[in-house]
Amino acid sequence: MSKIVIVYHSGYGHTAAVAKAVARGAAGVADTTAQLVSVDDIAKHWADLDEADAIIFGSPTYMGGVSAPFKSFMDASAKVWFVQGWKDKLAAGFTHSGSQNGDKFNTVTQLFTFAMQHGMIWAGLGLMPGNNTSKGSNSDLNRLGGFSGALTQSNNDQGAEAIPASDLKTAEALGARVAAVALRLAREQESVA
């Protein structure tokens with residue numbers, strides 16, 4: 001059995017909706033459990049992160065980077081970093097913003113760098129870009145063309161219900177990919193032991 005924890009911050013509900021989609025994708029893989037943890041409740045969940053086979057990080061993109069509450073979680077993980085408690089765990093990330101671009105790549109890079117400092121193993125999205133040909137559309141998976149993580153978008157003046165279904169399916173694909181890779185890594189470790 002593989003345990004995936006999705007730790008996220010959501011200021012207005014959009015990133016929470018994406019986190020739920022990531023969890024659905026992970027939980028849809030056999031022999032996998034998925035747990036959502038808001039950074040607002042992190043004090044109660046450090047042990048869950050320690051027990052996880054994979055941690056998927058999610059933050060809205062605010063001013064070209066992770067939100068302040070997510071950055072506070074990152075900073076609070078220094079005790080774990082000091083003992084390399086997450087070393088060799090699988091990691092991945094996602095972000096949401098109102099702009100099509102909004103410097104989302106910078107947010108995912110910040111998540112990637114954070115995971116690398118913890119000695120984690122990063123899994124990218126693993127999807128070809130969508131909506132990049134004359135036959136493409138906003139209904140394509142990975143319509144925003146991210147490779148390093150799941151990128152999602154909806155208008156600033158609308159709620160989470162306005163997130164395109166294709167973006168939520170892209171987030172589900174990220175969760176499923178991480179769950180599948182986590183199971184493969186667990187099997188490889190078992191065969192070595």
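Before any of the text, the structure's been laid out above.
On a predicted model such as this, the values are computed, not experimentally measured, just so you know. (Residues numbered from 1 in each chain as written. Predicted model: local features only at pLDDT ≥ 70, side-chain atom pairs only at ≥ 80, totals over all residues. Heavy atoms only, no water.)

1. Concerning the packing of aromatic side chains
Scanning all chains against the criterion turns up eleven aromatic pairs. Ring geometry for Phe57 versus Phe73: centroids 6.3 Å apart, planes at 40°, classification tilted. Here Phe57, found in strand E3 (residues 54-60), pairs with Phe73, found in helix H3 (residues 68-76); they are 16 residues apart in sequence, far enough to count as distant. Under the relative-accessibility criterion, Phe57 is labelled buried at 0%. For Phe73, a relative accessible area of 2% corresponds to the buried category. On the basis of an interplanar angle of 70° and a centroid distance of 5.9 Å, the ring pair of Phe73 and Phe114 is categorised as edge-to-face. Of the two residues, Phe73 is situated in helix H3 and Phe114 in helix H5 (residues 104-117); the sequence distance between them amounts to 41 residues. Neither Phe73 nor Phe114 differs from the other in exposure class; each is buried. Taken together, the ring pairs connect Trp46, Phe57, Phe70, Phe73, Trp86 and Phe114 into an aromatic cluster. (Phe/Tyr/Trp six-rings, centres within 6.5 Å; stacked < 30°, edge-to-face > 60°. Helix = DSSP H or I, 4+ residues; strand = E, 2+ residues; numbered from the N terminus. Buried < 20%, exposed > 50% of the residue type's maximum accessible area, 1.4 Å probe, protein only.)

2. With respect to the environment of Ala150
Position of Ala150 among the secondary structure elements: in strand E6 (residues 150-153). Relative accessible area serves as the criterion here: at 0%, Ala150 is assigned to the buried category. For the pair Ala150 and Val22, spaced 128 residues apart in sequence, the C-alpha separation works out to 9.2 Å. Not counting chain neighbours up to four residues away, the residues in contact with Ala150 comprise Gly93, Phe94, Thr95, Leu125, Thr170, Ala171 and Leu174. (Contact = heavy atoms within 4.5 Å.)

3. What to know about the pairing of strand E1 (residues 2-8)
Of all the seven residues making up E1, seven are buried; the element is thus mostly covered by neighbouring parts of the structure. With burial as the criterion, each face of E1 is covered, one bearing Ser2, Ile4, Ile6 and Tyr8 and the other bearing Lys3, Val5 and Val7. The pairing of E1 with strand E2 (residues 32-38) spans seven bridges and is classified as parallel. What sits directly across from Ile4, in E2, is Ala34. Handedness of the crossover joining E1 and E2 through helix H1 (residues 14-27) is recorded here as right-handed. Bridge analysis of E1 against E3 gives five bridges, and the strand direction is parallel. (Pairing = 2+ DSSP bridges. Right-handed = clockwise from strand over helix to strand, strands pointing away.)

4. What about H3?
Residues spaced three or four apart along an α-helix face the same direction, because each turn holds 3.6 residues. Taken together, the buried positions of H3 are occupied by Phe70, Phe73 and Met74. Taken down its axis, H3 places every buried residue within 100° of arc, on the same side. Taken together, the buried residues of H3 touch E1, helix H2 (46-51), E3, helix H4 (78-82) and H5. (Arc of directions from axis to C-beta.)

5. Points about the pattern of salt bridges
Evaluation of the coordinates by the stated rule reveals five salt bridges. Counted as one network, the salt bridges with shared partners bring together Lys3, Asp48 and Glu51. (Salt bridge = Lys/Arg side-chain N within 4 Å of Asp/Glu carboxyl O.)

6. What to know about a nonpolar patch on the surface
Together, Tyr12, Tyr62 and Met63 line one region of the surface with nonpolar side chains, adding up to about 460 Å² of accessible area. Looking at where Tyr12 falls in the secondary structure, it is placed in the loop between E1 and H1. Judged by its relative accessible area of 69%, Tyr12 is exposed. (Patch = residues over 30% accessible without salt bridge, like charges linked within 9 Å, V, L, I, M, F, W, Y side chains within 5 Å. Areas by Shrake-Rupley, 256 points an atom, 1.4 Å probe, with all protein chains shown as cover.)

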